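Residues per chain are reported as follows:
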Amino acid sequence: MVFETLAIRKEGAALFAEIAAPPMSLLGPELVRDLVSLIQQAEADHSTSVLVFKSADPDYFISHVDVTRIKEIREATAKLEGEASLGLLFRHLSASRLVTIAQIEGRVRGVGSEFVLACDMRFAARESASFGQFEPAFGVIPGAGAAQHLARLMGRARALEVMLSAEDYDADLAERYGWINRALPANTLSEFVRSLAHRIASFPATGHVDVKNRVNAIALAPAEEFRRESELFGEGVRNPDFQSQITAAMKRGFQTRDAEMTLARMLDSAADTQI
Amino acid sequence: MVFETLAIRKEGAALFAEIAAPPMSLLGPELVRDLVSLIQQAEADHSTSVLVFKSADPDYFISHVDVTRIKEIREATAKLEGEASLGLLFRHLSASRLVTIAQIEGRVRGVGSEFVLACDMRFAARESASFGQFEPAFGVIPGAGAAQHLARLMGRARALEVMLSAEDYDADLAERYGWINRALPANTLSEFVRSLAHRIASFPATGHVDVKNRVNAIALAPAEEFRRESELFGEGVRNPDFQSQITAAMKRGFQTRDAEMTLARMLDSAADTQI
Amino acid sequence: MVFETLAIRKEGAALFAEIAAPPMSLLGPELVRDLVSLIQQAEADHSTSVLVFKSADPDYFISHVDVTRIKEIREATAKLEGEASLGLLFRHLSASRLVTIAQIEGRVRGVGSEFVLACDMRFAARESASFGQFEPAFGVIPGAGAAQHLARLMGRARALEVMLSAEDYDADLAERYGWINRALPANTLSEFVRSLAHRIASFPATGHVDVKNRVNAIALAPAEEFRRESELFGEGVRNPDFQSQITAAMKRGFQTRDAEMTLARMLDSAADTQI
């Protein structure tokens, strides 16, 4: 398996995929194409039962969608489920026979957060991981299922807070809110996840499938709910107000590596301007 | 906006309502009337998008319903949704386009807890806030939606514990159980909430509405469930046993400021008498 | 009330049942028969409203089902609800008018975890309690409702982690995940639970019933879901792979008191062998 934006290592039944999409790990069409291809190949290979995602960039796991390349991303997305919805692409992963684990260092925002929410488990480095679901700062709902996952994981009040505030949340708070399974010391994270992946991979795959099916029947939203949020997001981004806000944000550094190190504060200053 | 029991301050698109209902911030007909009127006016004013509630009394946010004035309260309640159910009145707030935040110092019990549960978010002073859903101590289910909110926020076991024990819960435990978003140091609470309110108010209102609608579709109970609990509560309070228990409790100080500082302990001694 | 595996103490309206099933508190046919009989007698006795379960063995609350006696257990189980499903037997307890509290010291794994999950509340000794839902290590889904309870209590990602990892979880982590209400210092646990049981028992039983009914309507899975997981588990255990894995595990000490003190590590070494 050779990809443009993913480095793959196989250890027994566990596959480790490292995202490498410089300069800031945006979700662009290349990464979507590679994810689609990786999922298809891993599902077809019955010697693989566990799939781990991590990032080569210590500051960014997946920053967010590349807003300048939405059209290409939609085309690449449609390759897996036949629909141009990242929410449905990610939901495919949640419903897969593969057990998926996100090993998170650095920033995970927007569609990056929705990607890790679609994984079966997520563990984050206490010192460096940071989470944001900031789309409502631009007047739109997250498009790839965040509301579906967050409302079920953390309840109504915290899900509303997280999205409406568009704030950054550190790993400890993300753990207290149920956004992630656990925050762990950065220097133990990699070994913890590797050991867990091997442990799960060593158990019979029939158990994985039954457990995932039964838990998904309770706690994974139906496809139509993801589709609906894709549509609402699509309507939002076609709004001229959204376009002018993104343009203004890009002037302040949105979608640049340095400025997004403190994205929530950048959105602050946008607010200051508007007041 | 001038009210008998609410002091209003407007800052940009954020409205701050301070409850002032001495001597102990009971929910009586005056406060209900003022809340109905405030909600109607704030919803009609499209320059307002965020509504913050706090209390002028550092010891009581809302203590509980004034049990001596149920008939008047029901009449005042029916003014908003056409039904004499506080649960439906509060649910109106949950479903509103307005984003609501409860800033909690002091005691929040019974219908006070149900009011803050209906708000979109709630932050509490670690040192002073205290939470109780004590109606089952008198043999009745909470009437304004507590079971609906608590079962969804904290799961079956903790929701049962909270209601069946009729205990007081401090802010840290309330946070661990998901009753509130977060417990914060008292001396930072006000500035935290003010800053959050302004931040949310600075973002486009279209995002608020979409996010609230989608999260409510998952995590806010349907109106008929609130209506049903209103009815069950109504049946309970008409039970002569309930009436005699309230009478006995009032002899021990129920519905007085001093005795309710430690209400859960007062209910203890009632239990002792019964054993 | 005299039982082979339960010692009963009645204090007012609270009944305390101590499990005594040496050598390691396995759930065998005797304990099932006694539980059925205790539930029937306690429900028939309207002077009892609260039922507390604890264990006489400080190291094991209920270790798991006795895998060598499945047929007898199924026969004993069918006595309560007419179906040979422990999930339905336990669900009877969740739906009962009795308020049930689990006071947990020592290990609670497999069907033991499912038993405490069916109780209305569970409090555990911080120093000694340990939780595991390890059935997927043998390729099968838990058979008595764990997926139903865990997915609702702790959300999709943590429920998947707990079952797929087959790990042991200490009381503090179990509290953070919502598996239990609270972890408490061992030397305060017994008095805390006793006091809570008496407090709840002192309040009118009408409140218990209304609160349980309303919360169960939201947060307790329907009987058919428990039935379905019973069936899936039954299919799994008839698989020859399951049988040979259990046989191999028994050679490593599975279902012996000493070896199961660190069961999760024993499953590790099984994994090591398979890799």
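For the structure itself, look to the data block above.
Before going into details, it helps to say that this report is about the structure given with it. (Residues numbered from 1 in each chain as written. Chains lettered and ligands numbered in written order. Predicted model: local features only at pLDDT ≥ 70, side-chain atom pairs only at ≥ 80, totals over all residues. Heavy atoms only, no water.)

**Description of the relation of the copies chain A and chain B**
This is how the line gets drawn: Least squares is the method for superposing the copies, and the C-alpha atoms it fits come from residues with pLDDT of at least 70 in both.
In screw terms, the move from chain A to chain B is a rotation of 120° and a rise of 0.0 Å along the axis, fitting with an RMSD of 0.0 Å. Classification of the inter-copy transformation places it as that of a three-fold axis. Distance from the rotation axis, computed per C-alpha, reaches its smallest value in chain A at A:R176: 4.5 Å.

**Description of the interface of chain A and chain B**
Selection criterion: Residue contacts follow a heavy-atom distance rule, with two residues in contact if any of their heavy atoms lie within 4.5 Å. By convention, the term buried area covers the 1.4 Å-probe accessible surface removed from two parts as they join, with the contributions of both added. For this document, the term salt bridge refers to a Lys or Arg side-chain nitrogen within 4 Å of an Asp or Glu carboxyl oxygen. Starting at the N terminus, helices and strands are each numbered in turn, a helix being any DSSP run of H or I of at least four residues and a strand any DSSP run of E of at least two.
Each partner contributes residues to the interface: chain A has 36 residues there, and chain B has 33 residues. Roughly 2800 Å² is buried in total at the junction of chain A and chain B, and carbon and sulfur atoms are behind 58% of that figure. It is A:R156, A:R158 and A:L164 that lose the most area in chain A upon contact with chain B, and together they represent 28% of the buried surface on that side. If you look at where chain A meets chain B, you find 7 salt bridges. Of the charged contacts in the structure, one is a salt bridge between B:R199 and A:D268, with a shortest N-O distance of 2.4 Å. When contributions to the side of chain A that touches chain B are tallied by element, the ones reaching two or more residues are α5 (146–165), α6 (171–177), α9 (223–237) and α11 (263–274) of chain A. At 13 residues, α5(A) tops the list of elements feeding residues into the side of chain A that touches chain B.

**Concerning the packing of α5(A) against α9(A)**
Axis angle and axis distance: for two packed helices, these are the angle between their axes and the distance between the axes, and together they describe the pair. Residue and element names in this part refer to chain A. Formally: The axes are straight lines fitted to the C-alpha atoms, using for helices just the contacting stretch, and the angles between their N-to-C directions are given from 0 to 180°. Angles below 35 degrees are treated as roughly parallel, those above 145 as roughly antiparallel, those between 65 and 115 as roughly perpendicular, and all remaining angles as oblique. Residues are grouped as follows: nonpolar covers Ala, Val, Leu, Ile, Met, Phe, Trp, Tyr, Cys and Pro; charged covers Asp, Glu, Lys and Arg; every other residue, Gly included, is treated as polar.
For the pair α5 and α9, the least separation of the axes is 9 Å and the interaxial angle reads 125°. Looking at the two axes, α5 sits oblique to α9. Residues A146, A147, Q148 and H149 of α5 pack against E225, F226 and E229 of α9. Looking at the contact of α5 with α9, its residues break down into 3 nonpolar, 2 polar and 2 charged.

**Overview of the pattern of salt bridges**
Our working definition: Exposed residues in this analysis have more than 50% of their type's maximum accessible area, buried residues have under 20%, and partly exposed residues fall in between, with area computed by a 1.4 Å probe over protein chains only.
Inspection of the entire model under this criterion finds 68 salt bridges over all chains. We note a salt bridge from A:R182 to C:E161, for which the minimum N-O separation is 2.5 Å. One end of the pair, A:R182, is in strand β10 (residues 182–184); the other, C:E161, is in helix α5 (residues 146–165), on a second chain. Under the relative-accessibility criterion, A:R182 is labelled buried at 12%. On the basis of relative accessibility, which here comes to 1%, the residue C:E161 falls in the buried class. Of the charged contacts, one joins B:R69 and B:E72 as a salt bridge, the two residues approaching to 3.0 Å between their closest N and O atoms. On the basis of relative accessibility, which here comes to 22%, the residue B:R69 falls in the partly exposed class. Given the relative accessible area of 35%, B:E72 is considered partly exposed.

**Quick word on the interface of chain C and chain A**
Heads up, the condition is: Two N or O atoms count as a polar contact when they lie within 3.5 Å, although within protein this holds only if one can serve as hydrogen donor and the other as acceptor, and sequence-adjacent residues are included solely when both atoms are side-chain atoms.
If you look at the interface, chain C gives 36 residues, while chain A gives 33 residues. The largest per-residue losses of area from chain C upon contact with chain A belong to C:R156, C:R158 and C:L164, which jointly make up 28% of the total buried on that side. Here chain C is connected to chain A by 7 salt bridges. Between the two partners, chain C and chain A, sit 21 residue pairs in polar contact (both at pLDDT 80 or more). At the level of secondary structure, the elements contributing two or more residues to the side of chain C that touches chain A comprise α5, α6 (171–177), α9 (223–237) and α11 (263–274) of chain C. Classifying every residue of the side of chain C that touches chain A gives 19 nonpolar, 6 polar and 11 charged.

**Focus: the packing of aromatic side chains**
Any two aromatic rings considered together are summarised by their centre-to-centre distance and by the angle between their planes. The following threshold applies: Each aromatic pair joins two rings of Phe, Tyr and Trp (for Trp, the six-membered one) with centres within 6.5 Å, and gets the label stacked for planes under 30 degrees apart, edge-to-face for over 60, and tilted for any other angle.
Enumeration according to the criterion identifies 33 aromatic pairs over all chains in this entry. Between A:F138 and A:F254 the ring centres are 5.4 Å apart and the planes differ by 55°, which places this aromatic pair in the tilted class. Placement of A:F138 in the loop between β8 (130–132) and α5 and of A:F254 in the loop between α10 (240–251) and α11 is noted, with a sequence separation of 116 residues between them. Per residue, the accessibility class of A:F138 equals that of A:F254, and both read buried. Each ring, one from C:F138 and one from C:F242, has its centre 6.3 Å from the other, and the planes form 75°; the classification is edge-to-face. Within this pair, whereas C:F138 is found in the loop between β8 (130–132) and α5, its partner C:F242 is found in helix α10 (residues 240–251), the two being separated by 104 residues in sequence.

**Re unusual backbone geometry**
All names here are of chain A. Note that the residue after P22, namely P23, is joined by a cis bond; omega there is 10°. Of note in this structure, S25 is not a glycine but carries a positive phi near 55°. Its location among the elements puts S25 in the loop between β2 (14–19) and α1 (29–44). Although it is not a glycine, Q255 adopts a positive phi angle of roughly 70°. Looking at the secondary structure, you find Q255 in the loop between α10 and α11.

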